[in-house]
Amino acid sequence: CHGAKPPPNPEFTLKPKKKKIIQQNEGVPATPCPPCPELVWRSCVGQHIGAERMMVCSDKSQFSCENLCGNPLPCGNHYCTKTCHAFENQLRGSEACEDCSLPCQQEREPACPHNCPQRCHPGDCPPCKVLIKRSCHCGAMVHVFDCIYYNTLTAKGQESVRSCGGPCHRKLPNCTHLCPETCHPGQCTNADKCCKKVTVRCKCQTLKKEWVCQDVQAAYHLTGCHPKDIPKTQFGIGLIPCNSDCKSKVQVVESELQLRKSRVTEVQEPDTEKLVRKRKKRRERVLESKETTKLQKIISRAKRLLLYVLIFVILVAATYCGYKGLLWLSDWMNEVDERRQRYSRMK
Ligand SMILES: [Zn+2]
Ligand SMILES: [Zn+2]
Ligand SMILES: [Zn+2]
Ligand SMILES: [Zn+2]
Ligand SMILES: [Zn+2]
Ligand SMILES: [Zn+2]
Ligand SMILES: [Zn+2]
Ligand SMILES: [Zn+2]
């Protein structure tokens with residue numbers, strides 16, 4: 001029932017099978033054949049090339065070889081690592097290939113640092129939906145973008161989308177003002193073309209004028225110093241020259257100052273230390289007296305009261321004594337009179 005040499009390839013093994021069927025059909029009317037003793041090459045259940053075995057044709061038993069299955073998995077990226085097994089739905093005792101449980105390892109397109117969230121899958125990865133944060137150029141706010149959206153923009157598109165749309169408000173490098181442009185990438189351009197108004201004064205600060213900042217900067221450059229080195233409080237001072245009435249004002253002011261100074265020095269120079277001491281003493285006294293006045297008042301009142309009482313007592317005592325004295329004197333006089341009368345009687 002066989003051709004001369006059955007080839008090992010399964011595609012070719014089909015042909016003799018057909019032949020066999022035809023032959024069997026033909027042989028039905030006759031007596032059944034004995035089991036075919038012919039030796040044939042049979043492939044393993046995994047259909048591995050080079051693993052065929054020589055078998056008796058009538059022996060229909062299946063065998064697996066020692067190779068790994070190696071069938072491509074549905075993920076499209078990996079191959080089955082089970083040992084040789086029959087494919088699903090192919091024969092009795094068939095077995096499914098293994099499941100790929102690896103995470104997706106494909107490079108994202110467009111490239112980004114985030115891994116694909118799916119398990120190993122065929123075809124392209126889904127667009128990256130990871131949220132990424134990007135601060136605006138002036139630093140006033142932080143944007144949140146989908147990775148895929150931000151990643152597919154051009155460099156220019158990314159820059160424009162990152163602008164907050166508000167005023168830049170970064171401090172300009174050459175002056176005391178803030179950038180008036182809308183939030184922009186890179187350095188603040190036109191730093192030397194600032195249009196803010198600056199009050200410019202003369203050295204003595206009596207004259208003042210309004211200048212545009214860029215003119216102030218230009219004036220500083222002309223004098224040979226950089227406007228960024230000028231402190232904020234000094235910005236614009238001394239840029240216009242003092243004129244004549246400004247000078248006279250200054251002289252008046254200065255002379256007044258000098259006069260005051262000289263007066264002060266005249267008074268202070270002779271024995272300034274003594275003066276200071278006296279002042280100190282005075283201050284101390286004042287302080288002490290303030291503290292003692294209350295007590296003193298109370299004491300003086302008490303003293304006055306005591307004095308009145310004393311005078312009163314003395315007066316009372318004096319009148320009492322005077323009265324007694326008078327009584328005693330009259331008594332004594334009476335006695336003396338009596339004695340005299342007695343003497344005269346005795347005589
Ligand atoms: Zn095999
Ligand atoms: Zn896989
Ligand atoms: Zn397999
Ligand atoms: Zn991403
Ligand atoms: Zn993926
Ligand atoms: Zn901004
Ligand atoms: Zn700016
Ligand atoms: Zn400015």
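Position labels on residues start from 1 in each chain and follow its written sequence. Chains and ligands are labelled sequentially in the order written, the chains with letters from A and the ligands with numbers from 1. Residues qualify for local features only when their pLDDT is at least 70, as the model is predicted, and side-chain atom pairs are given and counted only at 80 or more; totals for whole chains, interfaces and linings, by contrast, use all residues. The basis for every side-chain value is the complete set of non-hydrogen atoms in the structure, without hydrogens or water.

Novice: Is there a simple way to think about the UniProt feature "domain: NF-X1-type" (unreviewed entry) in the protein in this case?
Specialist: UniProt positions are given in the numbering used here, feature names are shortened, and annotations may be inferred rather than shown by experiment. Look at the UniProt record and you will see "domain: NF-X1-type" (unreviewed entry) annotated at residues 75-106, 112-130 and 175-197. Within residues 112-130, the helical portion is 0% and the strand portion 0%, while the C-alpha atoms at the span's ends are 10 Å from each other. Secondary structure is summarised from DSSP: a helix means a run of H or I of at least four residues, a strand means a run of E of at least two, and numbering begins at the N terminus for each. For residues 175-197, the end-to-end C-alpha separation is 11 Å, with 0% helix and 4% strand making up the annotated structure.

Novice: How should the coordination of the zinc ion (ligand 3) be read in this particular structure?
Specialist: In an ideal octahedron of six donors the angles at the metal are 90 or 180 degrees, and in an ideal tetrahedron of four donors they are 109.5 degrees. The donor set comprises N, O and S atoms within 2.8 Å of the metal, extended to 3.2 Å for Na, K and Ca; water molecules are omitted, so apparent gaps in a site may simply reflect that omission. Taken together, the protein donors to the zinc ion (ligand 3) comprise Cys69 (SG), Cys80 (SG), His85 (NE2) and Cys97 (SG), at separations of 2.0 to 2.5 Å. When four donors show all angles between 85 and 135 degrees the site is tetrahedral, when four or six donors have opposite pairs over 155 degrees and all other angles between 65 and 115 it is square planar or octahedral respectively, and in every other case it is irregular. Viewed at the metal, the four donor atoms of the zinc ion (ligand 3) are separated by angles of 105 to 115°, and the geometry they form is tetrahedral. You can call Cys80 buried: its relative accessible area is 2%. Think of it in three bands: with a 1.4 Å probe and only protein chains considered, a residue is buried below 20% of the maximum accessible area for its type, exposed above 50%, and partly exposed in between.

Novice: Help me out: how do you make sense of the packing of aromatic side chains in this one?
Specialist: Think of a pair of aromatic rings as described by two things: how far the centres are apart, and how the planes are tilted against each other in angle. The pairing test for Phe, Tyr and Trp rings, Trp by its six-membered ring, is centres within 6.5 Å, and the orientation test on the planes gives stacked under 30 degrees, edge-to-face over 60, and tilted for anything in between. Scanning the model with the defined rule gives four aromatic pairs in all. Where Phe145 meets Tyr149, the ring centres are 6.0 Å apart and the plane angle is 40°; that geometry is what we call tilted. The buried category is assigned to Phe145, whose relative accessible area is 7%. Here the aromatic rings of Phe145 and Tyr150 are separated by 5.0 Å at their centres, their planes lie at 15°, and the arrangement is stacked.

Novice: Before we go on, may I ask you to explain the nonpolar core in this structure?
Specialist: Most often, soluble globular proteins keep nonpolar side chains buried together rather than apart. What is meant by a nonpolar core is a set of buried Ala, Val, Leu, Ile, Met, Phe, Trp, Tyr and Cys residues, joined one to another through side-chain atoms within 4.5 Å. Counting residues in hydrophobic clusters, the biggest one holds 21 residues, and the most contacted among them are Val216 and Phe235. If you list the elements that add at least two residues to this core, you get strand 5 (197-202), helix 4 (213-223) and strand 7 (237-240). Broken down by element, the residue count for this core peaks at four residues, all from helix 4. Residues contacting Val216, with those up to four places away along its chain left out, are Val198, Val200, Trp211, Phe235, Gly236 and Leu239. Contacts: residue pairs with any heavy atoms within 4.5 Å of one another.

Novice: Could you clarify how one ought to interpret the confidence of the model for the protein in this entry?
Specialist: Low-pLDDT stretches of the model should not have their predicted coordinates read in fine detail. Each residue carries a pLDDT score, the predictor's own confidence in it, on a scale running from 0 to 100. In the predicted model, the protein carries a mean pLDDT of 81, and the fraction of residues at 70 or more is 79%. Ignoring residues within four places in sequence, the model shows residues 10-27, a span with pLDDT below 50, making five contacts including any to other chains.

Novice: What am I meant to see in the coordination of the zinc ion (ligand 6) here?
Specialist: Looking at the zinc ion (ligand 6), one finds its protein donor set to be Cys136 (SG), Cys138 (SG), Cys164 (SG) and Cys183 (SG), positioned 2.3 to 2.4 Å from the metal centre. In this structure, the zinc ion (ligand 6) is surrounded by four donor atoms whose angles at the metal cover 100 to 114°, and the resulting shape is tetrahedral. Read from N- to C-terminus, the donor residues coordinating the zinc ion (ligand 6) fall into the pattern C-x1-C-x25-C-x18-C. Of the two residues, Cys136 sits in the loop between strand 3 (131-135) and strand 4 (142-146) while Cys183 sits in the loop between helix 3 (155-162) and strand 5, which places them 47 residues apart along the sequence. As far as burial versus exposure is concerned, Cys136 and Cys183 are alike and both buried.

Novice: For this particular structure, what's the right way to read the environment of Pro127?
Specialist: Positionally, Pro127 belongs in the loop between strand 2 (53-56) and strand 3. Among the residues examined, Pro127 registers a relative accessible area of 47% and is labelled partly exposed. On a C-alpha basis, the gap between Pro127 and Cys147 in space is 8.4 Å, while along the polypeptide they are 20 residues apart. Apart from residues lying up to four places away in sequence, Pro127 is in contact with Arg108 and Ile148.

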